[in-house]
Structures are given as C-alpha cells and as structure tokens.
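# Structural overview for review
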Amino acid sequence: MAKVELQITRRKFLQATAAGGAFALAGPGVGALQAAAAAPTLGPTWFREGEIKKSYSCCSMCPWSCGIIASTVNGRVYKVDGNPADPKSRGMLCGRGQGLVSFAYDPDRLQAPMVRTGERGEGKFQEVTWEEALDQSAEKLMAIADQYGPESIAVFGHTAGDFWFVDYFAQAWGTPNAAKPSASICTSPREEAATLTYGSGVGGHEPMDWEGLQCLTLIGSHIGEDARNTVMQDFANARARGMKVIVADPRFSQVAAKADYWLPVKPGTDTALLLAWINVFITEQRYDVEYVAEWTTGFDKLKAHVADMTPEWAAEITDVPAELIRETARVMADNLPRAAIMPGRHVTWYGNDTQRMRAIYIVNALLGAYGREGGIYFNKSPYIESYPHPPFTITGTSGGCSAEPGAESATLPEGPTGKVRADGGRTRFMRGATAMQELIEPMISGEPYPIKGLIVYGVNLLNSVPDTERTKEALRNLDFVLAIDVLPQEHVAWADMVMPEATSLERYDDLWTLPHKTPYIALREPAIEPMYETKPGWWIARELGLRMGLEKYFQWETIEEYLDARLMSIGSSIEKLREEDGVIVQKGKPYFEDYGDSSPFATPSGKIELYSEELALAGFDGVPAYEAVEEPPDGYFRLLYGRHPVHTFAKTQNTPLLNELNPENDLWLNAGMAEEMGIKNGDRVMVENQDGIVSGPIVVKATQRIRPDAVFMSHGFGQADARLTNADGKGASDAKLISRYAMDPICGGAGLRVNFVKLVKEA
Ligand code: MGD
Ligand code: MGD
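This paragraph deals with the site of ligand 2. Around ligand 2, the structure places 33 residues, and the nearest of them are His222, Asp249, Asp270, Tyr350 and His647. Between ligand 2 and the protein, one listed contact pairs an oxygen atom with a backbone N or O atom of Gly220 at 3.1 Å. With respect to ligand 2, the backbone of Glu225 contributes an N or O atom lying 3.0 Å from a nitrogen atom. Here the shell around ligand 2 takes three residues from strand 22 (residues 637-642), the largest share from any one element. For the shell around ligand 2, the per-class residue count stands at 14 nonpolar, nine polar and 10 charged. Three or more residues apiece are contributed to the shell around ligand 2 by two domains, here domain 1 (205-378 + 596-617) and domain 2 (637-761).

Further remarks concern the sheet that holds strand 2 (residues 52-58). Taken in spatial order, the three strands line up as 2-3-4 in an open sheet, and their pairing is antiparallel. The open sheet has two edge strands, strand 2 and strand 4 (76-82), and neither has a second partner. Averaged over all pairs of adjacent strands, the angle between their axes in this sheet comes to 25°, without regard to strand direction.

We now examine the domain arrangement of the protein. Taken domain by domain, the protein holds domain 1 (205-378 + 596-617) and domain 2 (637-761). The straight-line distance from the C-alpha centre of domain 1 to that of domain 2 is 29 Å. Residue-level contacts link 26 residues of domain 1 with 26 residues of domain 2. When the two sides are added together, the surface that domain 1 and domain 2 hide from each other amounts to roughly 2000 Å², 57% of it contributed by carbon and sulfur. Considering only the side of domain 1, the residues that lose the most area to domain 2 are Arg251, His346 and Tyr350, jointly responsible for 25% of the buried surface there. Inspection of the domain 1/domain 2 interface yields one salt bridge. For the side of domain 1 that touches domain 2, the element with the highest residue contribution is helix 14 (residues 353-366), accounting for three residues. Among the residues making up the side of domain 1 that touches domain 2, the classes are represented as nine nonpolar, 11 polar and six charged.

Time to look at the site of ligand 1. Taken together, the neighbourhood of ligand 1 is formed by 31 residues, with His158, Asn460, Ser464, Asp485 and Glu501 sitting nearest. Between ligand 1 and the protein, one listed contact pairs an oxygen atom with a side-chain N or O atom of Ser464 at 2.7 Å. Ile484 is positioned with one of its backbone polar atoms (N or O) 3.1 Å from a nitrogen atom of ligand 1. Notes on ligand 1: free accessible area 910 Å², of which the protein chains cover 98%. Elements with a contribution of two residues or more to the shell around ligand 1: helix 7 (181-198), strand 16 (480-485) and helix 24 (734-737). Among the elements that make up the shell around ligand 1, the one with the highest residue count is helix 7 (four residues). The residue inventory of the shell around ligand 1, partitioned by class, reads 15 nonpolar, 10 polar and six charged.

Moving on, we come to the packing of helix 9 (residues 270-283) against helix 13 (residues 322-334). Helix 13 packs onto helix 9 with a crossing angle of 60° between their chain directions and a minimal axis gap of 9 Å. For the crossing formed where helix 9 meets helix 13, the hand is right-handed. Residue-level inspection shows Leu273, Ala276, Trp277, Val280 and Phe281 of helix 9 in contact with helix 13, the latter providing Ile325, Arg326, Thr328, Ala329, Met332 and Ala333. Within the contact of helix 9 with helix 13, the residues separate by chemical class into nine nonpolar, one polar and one charged.

Our focus in this paragraph is the side chain of Asp485. Relative to the helices and strands, Asp485 is located in strand 16. Buried charge without a partner: Asp485 forms no salt bridge, and the closest opposite charge is Lys651, 8.9 Å away. Polar contacts involving the side chain of Asp485 include one to the main-chain amide nitrogen of Leu487, which spans 3.1 Å. In this structure Asp485 touches Leu110, Gly458, Val459, His491, Val492, Met499, Pro500 and Glu501, once residues within four positions along its chain are discounted.

Side-chain direction in a regular strand flips from residue to residue, so the side chains alternate between the two faces of the sheet. Where strand 23 (residues 666-670) meets strand 25 (residues 694-703), five bridges bridge the pair, whose relative direction is parallel. Note that in strand 25 the partner of Trp668 across the bridge is Lys701. Looking at chain direction, strand 24 (residues 684-689) and strand 25 are connected through four bridges and run antiparallel. Bridge assignment links Val687 to a residue of strand 25, and that residue is Ser695. Connecting the antiparallel pair strand 24 and strand 25 is a turn made up of four residues, with Gly692 showing a positive phi of about 80°.

With mixed pairing, seven strands are arranged side by side in an open sheet as 7-6-17-16-15-8-9. Pairing within the sheet leaves two strands with one partner each, and these edge strands are strand 7 (125-127) and strand 9 (178-179). For strand 8 (residues 153-157) and strand 15 (residues 453-457), the ladder comprises five bridges, and the chain directions are parallel. By the bridge assignment for strand 15, Phe156 is matched with Val456. Strands strand 6 (114-116), strand 8, strand 15, strand 16 and strand 17 (497-500) of the sheet are contacted by helix 5 (residues 130-148), whose axis makes an angle of about 130° with strand 17.

For strand 8, the buried fraction is high: five of the five residues fall into the buried class. Residues Ile153, Val155 and Gly157 point to one face of strand 8 and Ala154 and Phe156 to the other, with burial holding for every one of them. Alignment of strand 8 against strand 9, held across two bridges, turns out to be parallel. Across the sheet, Val155 pairs through a bridge with Ala178, a residue of strand 9. One crossover worth recording links strand 8 to the parallel strand 9 by way of helix 6 (residues 163-173), and it is right-handed.

On to the packing of aromatic side chains. For the structure shown, the criterion picks out 28 aromatic pairs. On the numbers, 5.7 Å between centres and 75° between planes, the contact of Trp668 with Phe712 is edge-to-face. Of the two residues, Trp668 sits in strand 23 while Phe712 sits in strand 26 (residues 710-714), which places them 44 residues apart along the sequence. In terms of burial, Trp668 and Phe712 fall into one category: buried. Within the aromatic cluster, the residues linked to one another by ring pairs are Phe163, Trp164, Tyr168, Tyr387, Phe392, Trp538, Tyr553, Phe554, Trp556 and Tyr562. If you follow Arg251 out to its NZ or CZ, it ends over the ring of Phe712, 3.8 Å from the centre. It is Arg356 that lies over the ring of Trp349; its NZ or CZ is 3.9 Å from the centre.

Quick notes on the rules
What you see as residue numbers is a count from 1 along each chain, following the sequence as written. Chain letters start at A and ligand numbers start at 1, both assigned in the order the entries are written. It should be noted that, the model being predicted, local features are given only for residues of pLDDT at least 70 and side-chain atom pairs only at 80 or more, the latter also being counted only at that level, while totals for whole chains, interfaces and linings use all residues. Hydrogen atoms and water are omitted, and side-chain values are computed over all heavy atoms in the structure. Proximity is defined per residue: any heavy atom of the residue falling within 4 Å of a molecule or strand makes that residue near it. N or O atoms closer than or at 3.5 Å make up a polar contact, with two conditions inside protein: a donor-capable atom paired with an acceptor-capable one, and, for residues adjacent in sequence, both atoms drawn from side chains. Numbering goes from the N terminus for both helices and strands, where a helix is a DSSP run of H or I of at least four residues and a strand is a run of E of at least two. In this count, Pro and Cys sit with the nonpolar residues alongside Ala, Val, Leu, Ile, Met, Phe, Trp and Tyr, while Asp, Glu, Lys and Arg are called charged and the others, Gly among them, polar. Here the limits of each domain have been adopted from an automatic or database domain assignment. In short, DSSP must find at least two bridges between two strands for them to pair. Axis definition: a line fitted to C-alpha atoms, limited for helices to the stretch in contact. Angles are taken between N-to-C directions and run from 0 to 180 degrees. Pairs of residues are marked as contacts when any of their non-hydrogen atoms sit within 4.5 Å. Buried area is calculated as the accessible area (1.4 Å probe) missing from two parts once they are joined, with the contributions of both summed. Salt-bridge detection follows one rule: a side-chain nitrogen of Lys or Arg within 4 Å of a carboxyl oxygen of Asp or Glu. Reported accessibility uses the Shrake-Rupley method at a 1.4 Å probe radius. Residues are deemed covered only where the shown protein chains occlude them. Each crossing gets its handedness from the near helix: less than a right angle anticlockwise from the far helix is left-handed, clockwise is right-handed. Residue burial is assigned from relative accessible area. The probe radius is 1.4 Å, only protein chains are included, and a residue is buried under 20% of its type maximum, exposed over 50%, and partly exposed in between. Counted as positive: Lys and Arg. Counted as negative: Asp and Glu, with His and the chain ends omitted from the count. Handedness is read with the strands pointing away from the viewer; a crossover is right-handed when the path from the first strand over the helix to the second is clockwise. Whether two aromatic rings pair depends on their centres lying within 6.5 Å, for rings of Phe, Tyr and Trp, where Trp uses its six-membered ring; planes under 30 degrees apart make the pair stacked, over 60 edge-to-face, and the rest tilted. Think of it as a cone above the ring: NZ of Lys or CZ of Arg counts as a charge over the ring if it is within 6 Å of the ring centre and within 35 degrees of the ring normal.

The structure is reproduced here in structure tokens:
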C-alpha cells in the first residue's frame, strides 16, 4: 500500500521537477503529496479537513536558504512553497526544497538525547533525559576547560542553526577553535582573494547582476547540478534573452550543454587559462581602459607579468586550443562591462586556489565589471542590531558562507588564556575563518596545544572533512564529543552524548540576514511543535550556556523575546514581520553611483589591487602565477566530484523522497578509456585511491562528456551506517576517497582535488 503511494508521488514529483534533472524548479503543490507519502495511513484529502496555518521560514535543505511558506493542518506540515516576497526563492523552490517535508518526517530521525554505552564508533547508546544530557555535557566540558583551558574545546557548526553554537556560544565561551566547513573546505579562497583584491568578501549571494549580464563565464561552477534556486532562475532568464555563456570544466556538465563555448580544460590548469585571457585583453587593448585607469592599481606590473603568457603558451598547459582561448577572450571583451566570471562557491581545489581566484577577479576588473550594471554589483548586508549582550570573550572566529564581507579581523583572536587558533593560522592571512581540517591534528598530537572536547553541530564530520581515518583517530582521542544533529549520521556513532535537534520546520532560528543586492531580513518561525523529544538549537545552546557560567550572554528567556529585541532596532517585531509576508527588504548600494565621492573598495589603496603589495610583502606572488599541480600516476585518474541536483552534500541521501529520486551516484568515465579497460556502461566497479582506500561499488557511466584523465562522482553517497536505512551502502564515497588534501597557504583552504583513483571491476 505504502509502496504504491510512493510510486504515484514519485511520478508527480518528477513531472513537477522536470524529471529531477538540472534546472528543475517546482511551484506550489508537490509537498502535499510528499506529506501524504510520509503518512501512508492518511487519505489523499486529509489536508483539506482542517484549518490551514501558514508560517514563514527559510528552507534548510541547503545553505542558500530560500524563503518558504509552510502550510500546516492539524499540527502536520503538508507542503512548503517558495515565498513570493523572498528575494531568493521568488515563489519557487528546487527539488531539494520540495523534499523538506520528507526530510522532517524521515522515520530514521534522532528522537531522544542519548549517552554512549559502547565503544566509540559502535553506535551503542542509552536514552537519557534532557536534564541529564545537559548536566553531564556541561560537567565534562567544564572539566576539560579546567585542565586544558577553554581553547581546548572546539566547536564545529554548519546548517541553518549554526549561529547559536559556532558563533554565539563559541564566542561567549571563548574558544578561537570554532569552525564551519563552508569556510576552509569551501569558500575561503574566494573570500580571501576578494578581500585582497577589492577589499571585501563575496559574502552570501554571488553578486552577478543577472538582469543586464551579457556574457557569463563559469570556471568549474556547474549551475543546474549546483542547484541553487535563484541562480538557476537567473541563469535561465538571462540565457533566454541571449546572454553568452562560456564554461571551462573538464566535464561536459549540464551547464556546459547549454553554453556557447565549452573549454574542456585540463584539471588544475585554470590559472594558465585566466592569465592567457588577461594577455589577450592587454595585448589587443580589449579591456576597459578608463575603468582600469580610475579604479585599479598595479596594471603595469600585471602587463609585464602576462607579456609572454599567450594563448599558445596556455594551450600547451590547459589542452584548450589557442584559437578557442583567443576567441573566448574576445567574446568577453566585446560585451564589457556586462561580462564577468562568476566567483564560484566550492573553490578549494588544488591548494593554490587563492591565486586562481585572484586571477578571476583580475579578469573581472579588466572587464570593468565591478559596480557596473550588468556586471558585478556590490553586496550589502541589511541593517539590524544584534541582541544586546556584554562583549564576547573572543570575537571573529568562524566565518564561512555567511561571513559578513570585510568583517574579517586582521589579527587572530586570542582565547581567555592567550592562545590563538590551533589551526596553524599564524599570519594575517587565513584570517577569515578557522580552518576546520587543521583542527583535527591538535586533537591527535596535542600540538600546538591539545584540543580535548568537541561540540559538533550540524556538521557531517565523516563525510565533509578530508581524511576520514584521521578524523576517526581524533574522535578516539578526545575526552568528550557532543553531537547535535537530526539524523544518525556516521559521526554520531562516535559521540559520547547525542542531542537530537528539532528540524527547521519545528523551531525558530535567528533572523536570516545576508549580504544581497536588495539586503533583506527573513523570519524563521516554526510550522509545528518539535517532534519526539527533540529541542531547538537556540534552546540547547542556551541551556548548555547557563550550565557553563555564561548566564550574562543568555539573558533572554524565550526566543520570541530575543527576536523581538533585534527587530525593535528597525521598528519591527515578529508580528509585524509576519504581516509583511515574513520578509523585510531594504535598499542596497549596488553600483558606483550609490557611493558618491567615496570608494566602494576597502583595500589599502581604495582601488582594485591587480598587484597585491600585501601578498608580496608576505612572500607570495603579487600577481597570480601559474603553478603546475601533481599529475595522476600511471593507471590512475584524478578524482573529481560535485553536486547532484536533488541532493545536498551528504545529508539528504536518506531523505525518503530524494532517495527515491536518486538513491546512488554513478562514476563518469571517459567512454574511450572505458572501452580500453573493458568496462561497459552500467558495470559496477570499486574505486581505490592512491592510499589503498576502497569505496563502492558504483555504477559506471561511460561517456564522452568527461576528459580521459579524470573521473567524476557526485558527493555525499557511499555512506556506512545501518541506521540510515535509505542511504546505507549506496554508491561510492568521494569523501572517503579524499584521504589527502593540499592546504592553501594564503587562505587555509583544503584543496580536495589532489586525489587519484583506479577502478577495480567488481567480482
Ligand atoms: P552535510 O552533509 O550537509 O555537509 O559540510 P556539511 O554541512 O557537514 O551535513 C550536514 C549535517 O547537519 C548532517 O549531519 C545533517 O544530518 C545535519 N543536519 C541537517 N539539518 C540539521 C539541523 O537542522 N540541525 C542539526 N543540528 N543538524 C542538522 C558541507 C561542506 O562539505 C561544504 S559547505 C562543502 S562546499 C564541501 N563539499 C565537499 C565535497 O563536495 N566533497 C567532499 N568530499 N567533501 C566536502 N566537504 C565540504
Ligand atoms: P562543485 O559542486 O564542486 O562546485 O557548487 P560549485 O561551486 O559549482 O563543482 C564542481 C565542478 O567543477 C564540476 O562540474 C567539476 O567537473 C568541475 N571541475 C573539477 N575540477 C576542475 C578544474 O580543475 N577546473 C575546472 N574549470 N573545473 C573543474 C558548490 C555549491 O553548490 C556549494 S559550495 C553549495 S553550499 C551548494 N550545495 C549544493 C548541494 O549540496 N546540492 C545541490 N544540488 N546544489 C548545491 N548548490 C551549491
């Protein structure tokens, strides 16, 4: 019975999301069927038999956080729709957003606080009360702090409620070792490079001025598989009105299939391609001469640097024909200033990523794109005050996707006993955020000082941080691990205490405030009461804080009081925000005209720094240089990975509806190579990396759409925990195969594309 219903649901769902493929956007209506599927005992019209309650929140299925309206009947959510008033969703959601109801009603969810009874990793637990869980956790953490200092507790956080732990709690408590994977394993090169080049970080929404953009270039950003709702809408609209698209990717991605030019660049050589484009702009005088004279410094040094970096030079390195390099440079230049390279998001690739990102920004500067209509607008944060609290013990620790542009501090924060971050960040660089992967080592070696306690909130530790075996060793070594999650993800089995959080549909979160073209503030309120014995993150952080001597930071009694105090600073309240459809939109300052006589660039020179004195003084190249990366050994392919349109990282593979749409990943292998190796399309293979780590089996997709020197799989599969009944053992894990990384010395990012794999046919 349940099975039949699920099949119907799937068909409808597929219709609504255009076969679940790229560019799948769904309007209202699908979620009702999801909820019906999640509650097979209810008839198809159950949701018409009560009053419909609407609530406003942001989708928590990915960090993009589109505004949603949840519809609830008799205490059960039956659908979520995009909020038309929200600048990100504009009334639409992607397939993953439509899966939010199914995520909340996943029967595998964590349901009660638990204390470990078996060995770490065994996953044996006993349920305890919240009082016991909080008291015991506070006691253990305080004991660690007494012995080793407050800095010996690390706080890892991601997902919708991370603010309460990795920002608020960690800063109140006083540990500089607070980190988000969205910084050092994702955006840190683009943020550091942006700060160095034009004085502020990119912030949240990549600031492409889509309405007027005439030429978009993508360097390894795969819009459509990277299924951010707004970006897909903007791309589709711009392409429909004739925007030119250039895609550099070793793989013929979904967006490459829609492009005017596909450059199948050799992995790791993009900086050479970018330098050759710069060479063409300058030698052919095809750059915005006036803009460069007025708004940039270091042009002469750049010109001298790229003098010999011709398309012919780059063709040898990148495998992209010289004529194609020249032609694409001219297409960009013909459209300036309405032409730009999108900064990208997951840009920690090869360990030299800050310099590649600088080269991207330099191209954009030569095209005169910054601050120009149809180019790249200036992102601005909305105005609203924080909840009043005494000065934090420590400030400026975490950063990440939600980091405020320009908010990075130039000096490293110190803990109460004078210790700076334990991630090796000793220079002014790596300033934006603590490097999460670098905090694993002190958990093992105790150097530069021991980290003995870990709070892990919403981070999929064994599927997101490179070198899983090292992370397990660190987990074995810690005195206390507290996991706050909604699902029994693999790392949860390694925790001493598990606290189950209510999902975003069941809780308030802090207001959503991120830099945007039209800065806005969005309400995140619950649609239903927390299910089972779960509690909201804000409550857990506060209760833990109260038990750890942090009362002065948690003066508010209820979350409504907290939110109303913030909203009062802009003359609003939760009630008023509801009346305004859950969103307050403010005025931005996207273009030069909005800055009068002042410079929008917060660099030392007040201009875009094509040559960076700051980098040169620190012993790095002042203008980006091409550095070769290690080649795959004989018989090995470079392991590439990326997003799947209906999944988010490793967290949605278990979500019933999304799992049904796509239960496992496949391995893209060049068809010629497959034939040479006697592997057929659809065969299952095991994948083994350079360190002998094996993952799989995974189905081979033999295709012309990838270069012969690389293989590609979507991230997040190949999980191993029987409590994840849908995800367990499906496909192969890129995370497990990424047993090494190359650290970018400038931004602290972990380059993950430095792993090589060979294929072993399944017996
Ligand atoms: P997810 O798999 O989404 O990735 O890293 P993560 O954010 O760690 O894990 C989210 C975790 O939060 C899961 O454990 C999930 O169960 C839990 N969760 C979900 N909702 C809630 C909630 O409401 N409350 C709580 N408490 N927990 C919740 C992402 C990171 O990974 C990023 S940003 C990037 S770009 C990198 N991508 C990447 C990759 O592509 N490949 C590899 N191999 N590693 C990567 N690491 C990075
Ligand atoms: P990846 O997913 O890693 O990054 O999305 P993106 O920033 O687009 O994209 C990898 C692309 O780079 C692939 O197409 C790969 O073939 C290509 N590539 C690999 N190596 C090279 C190289 O050397 N040079 C070039 N030019 N290209 C290369 C990440 C983004 O996705 C992030 S950070 C988040 S937080 C969101 N997560 C997310 C999700 O989890 N699921 C879905 N469906 N969408 C998402 N959107 C966002």
